[in-house]
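# What the coordinates show
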Amino acid sequence: MDLNDHIEKILFSEQQISERVSELASLITRDFKAGGVAPVVVGVATGAFLFLADLVRKIHLPITVDFVRAESYGSGTVSNGKPTISFGLKVDVRGKHVILVEDILDTGNTVSCLIDYMKTKGASSVSVCTLLDKPARRKVDVEVVGEGKYYCGFECLDYFVVGYGLDFNEQYRNLPYVGVLKPEMYE
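Residues numbered from 1 in each chain as written. Predicted model: local features only at pLDDT ≥ 70, side-chain atom pairs only at ≥ 80, totals over all residues. Heavy atoms only, no water.

Looking at an unreviewed UniProt entry, the protein chain carries the name Hypoxanthine phosphoribosyltransferase, with the source organism given as Perilla frutescens var. hirtella. Under the UniProt heading Cofactor (unreviewed entry), the note attached to the protein chain is "Mg(2+)". In the Subcellular location (unreviewed entry) part of its UniProt record, the protein chain is described as follows: "Cytoplasm". (UniProt positions renumbered as here; feature names shortened; annotations may be inferred.)

Right, dumping it as structure tokens:
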């Protein structure tokens, strides 16, 4: 079984992703170096793990890395709209600047929930860095906290996308690109 045969088309190639991750890391380095702060970079498991790994290797600052797990999809293709945090922070973010790293910003429910969670943990600011943004699906406005910023890799049309950490039913994360999954694979 070749996973590439399940892809209708490639939206963002491995090369495009690599270049954009470098650009995002440079922006984060510049912004946080200017502020003189060492941020806590928090990846949203499991989808953001590849993006997070590539991103943090290119951030030229002292950083701390942690993960949270928020779930709202299960094995379906549509968010249930009520994300829950099933695995919380290990690192203390009280008084610190947090950068949430997400694979995809879709409805906004999960990221908003995580921003609120970081506020309850005492973060002084919360920035969001997402690989993909699907504004057509937004249901909740996402507002960064304090001096937080918003970083976006690519804007994405309303396709069902997989690859580079993004999955369907826990598969396709290992594809080196982001592609549109053929409808027959998930219908």
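Right, let's get into the sheet that holds strand E9 (residues 178-181). A sheet is described by the order of its strands in space; here three strands give the open sequence E1-E9-E8, paired in antiparallel fashion. Each edge of the sheet is formed by a strand with only one pairing partner; in this case those strands are strand E1 (7-12) and strand E8 (161-162). (Pairing = 2+ DSSP bridges. Helix = DSSP H or I, 4+ residues; strand = E, 2+ residues; numbered from the N terminus.)

Below, the discussion takes up the nonpolar core. Formed by 28 residues in total, the largest nonpolar core has its most connected members in Ile 28, Phe 51, Leu 55, Val 101, Cys 129, Leu 132 and Val 178. Broken down by secondary-structure element, the contributors of at least two residues to this core are helix H1 (14-35), helix H2 (49-56), strand E5 (97-105), strand E6 (125-133) and strand E7 (150-155). At six residues, the largest contribution of residues to this core is made by H1. Each residue touching Leu 132, except ones within four places of it in the same chain, is listed here: Phe 12, Asp 103, Ile 104, Leu 105, Phe 154, Cys 156, Val 161, Leu 166 and Val 178. Among the nonpolar cores identified, the runner-up in size contains 20 residues, and Val 44, Val 68, Leu 100 and Ile 115 belong to it. (Core = buried A, V, L, I, M, F, W, Y, C linked by side-chain atoms within 4.5 Å. Buried < 20%, exposed > 50% of the residue type's maximum accessible area, 1.4 Å probe, protein only. Contact = heavy atoms within 4.5 Å.)

Okay, the sheet that holds E5 next. Spatially, six strands are ordered E4-E3-E2-E5-E6-E7 in an open sheet, and the strand pairing comes out mixed. On the outer flanks of this sheet lie strand E4 (84-87) and E7, each paired with one strand and no other. Within this sheet the neighbouring strands show an average axis-to-axis angle of 25°, counted without direction. Bridge count for strand E2 (residues 40-45) against strand E3 (residues 64-71) is six bridges, and the pairing is parallel. Across the sheet, the residue bridging to Val 44 is Val 68, located in E3. Each of E2, E3, E4, E5 and E6 touches helix H3 (residues 109-120); the most contacted strand, E5, lies at about 165° to it. (Axes fitted to C-alpha atoms, helices over the stretch in contact; angles between N-to-C directions.)

Tracing the backbone shows Phe 12 in strand E1. On a C-alpha basis, the gap between Phe 12 and Ala 34 in space is 31 Å, while along the polypeptide they are 22 residues apart. Phe 12 has contacts with Ile 17, Leu 132, Phe 154, Glu 155, Tyr 177 and Val 178, leaving out every residue within four places of it along the chain.

Before going further, it helps to spend a moment on the UniProt feature "transmembrane region" (unreviewed entry) in the protein chain. Per the UniProt record, "transmembrane region" (unreviewed entry) is annotated on residues 34-53. Helix makes up 35% of residues 34-53 and strand 30%, and the two end C-alpha atoms of the span are 23 Å apart.

Taken as a whole and judged by the stated rule, the model has zero disulfides. Cys 113 carries a free sulfur, and the closest cysteine sulfur to it, the one in Cys 129, is 19 Å from it. Cys 113 sits in the partly exposed class, given a relative accessible area of 23%. Not engaged in a disulfide, the cysteine Cys 129 finds its nearest cysteine sulfur in Cys 152; these two sulfurs lie 8.5 Å apart. (Disulfide = S-S within 2.5 Å.)

Right, let's talk about H1 for a bit. Taking 1.5 Å of rise per residue, 22 residues should cover 32 Å, and H1 covers 32 Å from first to last C-alpha, within 8% of that figure. Among the residues making up H1, those that are buried are Ile 17, Arg 20, Val 21, Leu 24, Ala 25, Ile 28, Thr 29, Asp 31 and Phe 32. Buried positions along H1 lie against E1, H2, E5, E6, E7 and E9. Within two residues after H1, Gly 36 carries a phi angle of roughly 70°, on the positive side. (Expected span 1.5 Å × (residues − 1).)

This paragraph deals with the packing of aromatic side chains. One pass over the full model with this rule turns up four aromatic pairs. Considering the side-chain rings of Phe 12 and Phe 154, the 4.1 Å spacing of their centres and the 20° angle between planes classify their relative orientation as stacked. Of this pair, Phe 12 sits in strand E1 while Phe 154 sits in strand E7; the two residues are 142 residues apart in sequence, bridging distant segments of the chain. Residue class for Phe 154 comes out buried when judged on its relative accessible area of 13%. (Phe/Tyr/Trp six-rings, centres within 6.5 Å; stacked < 30°, edge-to-face > 60°.)

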